[in-house]
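This is what each chain is made of:
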Amino acid sequence: MFRLLGDEFPAFAAALEGEPVSGLRVNTLKLSAEAFEKIAPFPLGGRVPWCPAAFFLEGEERPGRHPYHLAGLYYLQDPSAMAAAEALAPQAGERVLDLAAAPGGKTTHLAALMQGGGLLVANEIKNSRLGHLVQNVERWGAGNIVITNETPERLADHFGAFFDRVLVDAPCSGEGMFRKDMGARRDWSPEMVAGCAARQTNILRVARKLVRPGGYLLYSTCTFAPEENEAVVNGLCHGFTDGNGLRSTDLVTESRMETDYGNGLGRGITDGNGLRSTDWVTDSRMGTDCGNGLGHGFTDGNGLRSTDWVTDSRMGTDFINGLGHGLTDENGFRNGFLHGRVDESGGREFEVVALPRMDGFMPGRPEWAGLHTKELEGAVRLFPHRIAGEGHFVCLLRRVSMDADAEKRGKTAGRPGRLNPPTRAQWADWEAFREAALTVEFPAERLRVRGERLYLVPEEMPDFGNLRLVHPGVWVGTFKTGRFEPAHPLALFLRPGGARRTLDLSPGDPALAAYLRGEPLTSAGEAGWLLVTVDGWPLGWGKRVGAVVKNHYPRGWMG
């Protein structure tokens, strides 16, 4: 960082020795930021400039232990991390995917921006991280989130170019965590950076397939390394390279070359001109020192061999490109086959969308990665010495080309697989509970059964086929023998006034502390299911029998 930041390095180093900055983002599905500011039980700092619903935190309070947090009124998050969802800016009614969603900060932010409408798929590949994601999503009380536990490859194979917006908050070396996590400092190494960059590149290779033409992909990390930021994005826009600077593609994944000039398709052995021969390129010839085409093809004025697949290639340097390298710009090789290939107008698969500059934001720095791609300056870098936050890299890209993946868009719409309408008996049990315990109704077409569980699925629920579904929506409750039992997520989905019977407690009431510990409460009144609330905000279920309220708060939620 000393080499990259230059005169700014002393301020950066000093910032890393300071105290971390914390933020609180209000759940605008439940109340406005202004309304929360009036009831906040602990000191709030100023508003986060790049996130209208968020505040900086002040003081030594523990807001994560307050009952308002358990009621889902806010999410605690590094302020710099809030820039990602704001930049992606999803709209109500859209199809959105959070590809690496745990622990759920960006997922809950996206849900709030979508106003609870449309479809938001929160995917997490690691089983060990699913618990935190599920709990945070359930606490948020959004009705449009589906949680999956899948690989990006299986999602892409099933959906294709289905989503309007995709967020890739990529696993990274975590340099932006150095100030608040000493473990991140100890774990860091140059090898870790290189390994993360390779993993991020592979994730983007697949993630791009999930974005519809005209849709958006948001790439973010919490690290400063240009190898994991500008270099990775450049690979998506201009074709990924291997160690030799050769742009690799889905079809050319292990290409190597022994000279600085041309390359063949696949691996193979080079001929006297440095051209690798392969099963597909068995008799290639070249008339210049500069490269090769596919198969036999004739060279054009630049020495580039034209083929059926590469019929209109041009080059701006002395180095030639064949299949998989498309058009070149002033910086050298342009984009690769299936990774930013060109159309007749010279367009690419993805282009960077310049993000607004806020005070303290640094533009993307392609030169730090040895690049001269000016469009990468449209990304933003957040540093702890420039803004009140820990650090982030955010880059928004738009898919501008059509390809075969786009043909799959919409094919997954229709009746959700493995989710069925309630049977007549189940519907009777549900309606009996709803009429006795709730004041709100639910659209019948959005109520689906999976196993013995009843879910409220999103407005636009596609068929997930054989993908691993953790929760296909809001878990409303479970059908028992002859009765229906409400689930905890239903309580947090409800808004004040949504239940016929409530037991309202104040944050400092000893009875509330007892409830959160799982103890029964004493409260006379009408028998049946009731909603335990804190200052009117739903917390969980209880069931009154006589003067005793049996506790149905889930174990482990306070820990």
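Scroll up to find the structure this text is about.
Residues numbered from 1 in each chain as written. Predicted model: local features only at pLDDT ≥ 70, side-chain atom pairs only at ≥ 80, totals over all residues. Heavy atoms only, no water.

S.K.: Before we move on, could you go through the overall build of the protein and cite the residues and values that matter?
M.R.: The helix and strand inventory of the protein stands at 14 helices and 27 strands. Residues classed as buried in the protein amount to 56% of the 559 residues present. Taking the intrachain contacts of the protein between residues at least 6 apart in sequence as the baseline, contacts between residues at least 24 apart amount to 66%. With an accessible surface of roughly 23500 Å², the protein has 50% of that area assigned to carbon and sulfur atoms. (Helix = DSSP H or I, 4+ residues; strand = E, 2+ residues; numbered from the N terminus. Buried < 20%, exposed > 50% of the residue type's maximum accessible area, 1.4 Å probe, protein only. Contact = heavy atoms within 4.5 Å. Areas by Shrake-Rupley, 256 points an atom, 1.4 Å probe, with all protein chains shown as cover.)

S.K.: Could you give an account of the nonpolar core, with specific residues and numbers?
M.R.: Counting residues in hydrophobic clusters, the biggest one holds 43 residues, and the most contacted among them are Val168, Leu210, Leu217, Tyr219, Val233 and Leu397. Not counting residues up to four positions away in its chain, the partners in contact with valine 168 are Leu99, Ile203, Leu204, Ala207, Leu217, Leu218, Tyr219 and Ser220. One finds Cys51, Ala122, Val380 and Leu382 within the second-largest nonpolar core, a separate group that totals 39 residues. (Core = buried A, V, L, I, M, F, W, Y, C linked by side-chain atoms within 4.5 Å.)

S.K.: Go over the pattern of salt bridges, please, and point to the residues and values.
M.R.: All chains considered together, the criterion is met by 20 salt bridges. Where arginine 165 meets glutamate 94, a salt bridge forms, and the shortest distance between an N and an O atom there is 2.6 Å. Pair noted here: arginine 165 is in strand β8 (residues 163–169) and glutamate 94 is in the loop between α5 (82–88) and β5 (95–98), with a separation of 71 residues, a long-range link. The exposure class assigned to glutamate 94 is buried, which follows from its relative accessible area of 14%. Glutamate 526 is paired through a salt bridge with arginine 501; the nearest N and O atoms lie 3.4 Å apart. Taken together, the positions of glutamate 526 in the loop between β24 (521–522) and β25 (528–534) and arginine 501 in the loop between α13 (488–493) and β23 (502–505) put the pair 25 residues apart, joining distant regions of the chain. A residue is classified by how much of its surface remains accessible, and arginine 501, at 11% relative accessible area, is buried. Connected through salt bridges with shared partners, the residues Glu150, Arg154 and Arg468 form a single ionic network. (Salt bridge = Lys/Arg side-chain N within 4 Å of Asp/Glu carboxyl O.)

S.K.: Which residues make up helix α8 (residues 152–159), and what values do they have?
M.R.: Listing the buried residues of α8 in full gives Pro152, Leu155, Ala156 and Phe159. Take α8 and look down its axis: the buried residues cluster within an arc of 95 degrees, on one side only. Considering only its buried residues, α8 is in contact with β5, β6 (119–123), β7 (145–148), β8 and α10 (190–207). Among the residues trailing α8, glycine 160 stands out with phi positive, at a value near 65 degrees. (Arc of directions from axis to C-beta.)

S.K.: Break down the sheet that holds strand β3 (residues 54–57) for me, with residues and values.
M.R.: Strand order in the open sheet formed by four strands is β2-β3-β1-β4, with antiparallel pairing between adjacent strands. Where the open sheet ends on each side, the last strands, each with one partner, are β2 (44–47) and β4 (74–77). Between one strand and the next, the sheet's axes are offset by a mean angle of 35 degrees, whatever the strand orientation. Strand direction decides the pairing type here: strand β1 (residues 23–26) and β4, joined by four bridges, are antiparallel. The residue of β4 that forms the bridge with arginine 25 is tyrosine 75. Set on the sheet, helix α6 (residues 105–113) makes contact with β1 and β4; between it and β4 the angle comes to about 135 degrees. (Pairing = 2+ DSSP bridges. Axes fitted to C-alpha atoms, helices over the stretch in contact; angles between N-to-C directions.)

S.K.: Explain the packing of aromatic side chains to me, using residue names and the numbers behind them.
M.R.: Tallied over the entire structure, the rule returns 24 aromatic pairs. Note on tyrosine 219 and phenylalanine 393: the rings are 6.4 Å apart at their centroids and 70 degrees apart in plane angle, and the pair reads as edge-to-face. Of the two residues, tyrosine 219 is situated in strand β9 (residues 211–221) and phenylalanine 393 in strand β17 (residues 392–399); the sequence distance between them amounts to 174 residues. Residue classification places tyrosine 219 among the buried residues on the basis of a relative accessible area of 0%. Judged by its relative accessible area of 0%, phenylalanine 393 is buried. Site record: aromatic cluster; members linked through ring pairs are Trp430, Phe433, Phe442, Phe479, Phe484, Phe493, Trp529 and Trp541. Geometry around tryptophan 475 places arginine 453 over its ring, the cationic atom sitting 3.7 Å from the centre. Its guanidinium or amino end placed over the ring of phenylalanine 493, arginine 495 lies 5.8 Å from that ring's centre, counting from NZ or CZ. (Phe/Tyr/Trp six-rings, centres within 6.5 Å; stacked < 30°, edge-to-face > 60°. Lys NZ or Arg CZ within 6 Å of the ring centre and 35° of its normal.)

S.K.: Help me get a handle on helix α12 (residues 424–437), residues and values and all.
M.R.: Helix length check: α12 (14 residues) gives 20 Å between terminal C-alpha atoms against 20 Å at 1.5 Å per residue, within 8%. For α12, the set of buried residues is Gln426, Trp430, Glu431, Phe433, Arg434 and Ala437. Down the axis of α12, the sector holding all buried residues measures 165 degrees, keeping them to one side. Away from the buried face of α12 by more than 90 degrees, exposed residues Arg424 and Ala425 are located. (Expected span 1.5 Å × (residues − 1).)

S.K.: Please set out the packing of α6 against helix α7 (residues 130–140) residue by residue, giving values where relevant.
M.R.: The contact between α6 and α7 brings their axes to 9 Å, and the two run at 25 degrees. Of the possible angle classes, the one that applies to α6 and α7 is roughly parallel. The handedness of the crossing between α6 and α7 is right-handed. Contacts from Thr107, Thr108, Ala111 and Ala112 in α6 reach Leu133, Asn136, Val137 and Trp140 in α7. (Parallel < 35°, antiparallel > 145°, perpendicular 65-115°, else oblique. Left-handed = near helix turned anticlockwise from the far one by under 90°.)

S.K.: Please provide a residue-by-residue account of the environment of proline 52, values included.
M.R.: Positionally, proline 52 belongs in the loop between β2 and β3. Sequence-wise, proline 52 and glutamate 86 are 34 residues apart; in three dimensions their C-alpha atoms are separated by 9.3 Å. For proline 52, the residues in contact, after removing those within four places along its chain, are Ala33, Arg47 and Glu86.

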